[in-house]
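# Per-entry structural report
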Amino acid sequence: MTPDLTNESGGVVVTKMNDLMNWARLSSLWPLSFGIACCAIEMMGALVSTYDLDRFGVFPRPSARQADVIIIAGTVTFKMAERIKRLYEQMPEPKYVISMGSCSNCGGPYWQHGYHVVKGVDRVIPVDVYVQGCPPRPEALIGAILELQKKIEQEQLIG
Amino acid sequence: MSFDDIKLLLTNKFGESVITGEEYTGMQPALLIDPDRIAEVCLELRDNPKTYFDFLSCLTGIDYGIDSGRFGVVYNLSSIPYHLQLTLKVSKENNRNEEELPSFPSVTSVYRTADWHEREAFDLVGIFFEGHPDLRRILLPDDWEGYPLRKDYKTAEYYKGIKID
Ligand code: SF4
């Protein structure tokens, strides 16, 4: 952008309402501060200084009512599954789910003999992006955020 | 105090029948104790000035398998002042019927630590502890059916409508 376009008195930007809203939404994806097992450690790593997910407008919110995305970072036990479902239901629409790590994708190391583990969080809530790894590196989670941004960019909320 | 001294101390106090056997195969020797008297034995070992087993390091519930039909509990005691370790074991036959859980006296009155350990053994192995103040499941949801660390446990197909596999 040239300086006179960004200048308050001068510039005009023409865009579609839908694109503007999508741009605003994808630039401020607020996840719920919620982590359930070892993967959450990598999620925290992604959020703080070295990887700094803040750059993408991603910073965690303490309430489901303020969250746009829930990152399922860890092992989903049956006991936790109910809580996850409730948290998801408390989030306002439009809402998104990132399944981070093998556990939440498919049960991970508890695939066999894991009587207490839900074999994939998608049995409880719908998932938008899956991240593979045990645990996935912070880069992989950043990749998932970028994927989610692409998805949001294509959405039609109005019209 | 050596292992033999501890044995002597117990038999002097409670009689020969309190010790039902010994095991030397494990990492440390274990005393097999008459299940009905385990709480008294623990209390004596804790309070006797020669032993002061003041710390319950661990309490484990064990299913000895379908063939033997036995359930047991292992107590790992430590004496902080004397740097001593002692393993006690109790076991009982049981018909594996979930209506009649194998039952042992609770040692919560001796060691407060035993509270959650006994709840865990109850939750996962299905061992009942008489006199426990609050014997509820501790890890699994309250409405869970069965005791998953039993050798004959079969995973259910569904839990609250979610497929288990
Ligand atoms: S996928 Fe691996 S790292 Fe992540 S929660 Fe499961 S066991 Fe832990």
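What counts and what doesn't
- Residues numbered from 1 in each chain as written.
- Chains lettered and ligands numbered in written order.
- Predicted model: local features only at pLDDT ≥ 70, side-chain atom pairs only at ≥ 80, totals over all residues.
- Heavy atoms only, no water.
- Pairing = 2+ DSSP bridges.
- Helix = DSSP H or I, 4+ residues; strand = E, 2+ residues; numbered from the N terminus.
- Axes fitted to C-alpha atoms, helices over the stretch in contact; angles between N-to-C directions.
- Contact = heavy atoms within 4.5 Å.
- Near = heavy atom within 4 Å.
- Nonpolar A, V, L, I, M, F, W, Y, C, P; charged D, E, K, R; others polar.
- Buried < 20%, exposed > 50% of the residue type's maximum accessible area, 1.4 Å probe, protein only.
- Arc of directions from axis to C-beta.

## A look at the sheet that holds strand S3 (residues 129–131) of chain A
Residues and elements named next belong to chain A. Read from one edge of the open sheet, three strands run S1-S2-S3, paired in parallel fashion. Every interior strand has two partners, whereas the edge strands, strand S1 (69–73) and S3, have only one. With strand direction ignored, the average angle separating the axes of adjacent strands in the sheet is 15°. Here S1 pairs with strand S2 (residues 96–100) via five bridges, running parallel. Following the sheet pairing, Ile72 is matched in S2 by Ser99. The sheet strands contacting helix H3 (residues 39–47) are S1 and S2, and the helix crosses S1 at an angle near 130°.

## Here we look at the site of the ligand
Around the ligand, the neighbouring residues are Ala37, Cys38, Cys39, Gly74, Thr75, Ser102, Cys103, Pro109, Gly133, Cys134 and Pro135 of chain A. Its residues assigned to classes, the shell around the ligand comprises seven nonpolar, four polar and no charged.

## Section: H3 of chain A
Residues and elements named next belong to chain A. Considered for burial, the residues of H3 that qualify are Cys39, Ala40, Met43, Ala46 and Leu47. Looking straight down H3, one finds that the buried residues subtend no more than 110° of arc, so they occupy a single side. Each element contacted by the buried residues of H3 is listed here: S1, S2 and helix H6 (138–153).

## Let's talk about the sheet that holds strand S2 (residues 30–33) of chain B
By definition, the strands of a sheet pair up through backbone hydrogen bonds, in either a parallel or an antiparallel sense. Residue and element names in this part refer to chain B. Ordered by their spatial adjacency, five strands build an open sheet running S1-S2-S5-S4-S3, and the pairing between neighbours is mixed. The sheet is open, and its two edges are formed by strand S1 (19–23) and strand S3 (55–63), each paired on a single side. Each strand axis lies, on average, 25° off the axis of its neighbour in the sheet, ignoring direction. Relative to S2, S1 runs antiparallel, the two being bridged by four bridges. Each residue of the ladder has a partner; that of Glu22, found in S2, is Leu31. On top of the sheet, helix H1 (residues 3–14) reaches S1, S2 and strand S5 (84–93); it is set at about 15° to S2, its chief contact. The strands that helix H3 (residues 114–125) touches are S3 and strand S4 (70–79); relative to S3, the one it contacts most, it runs at about 10°.

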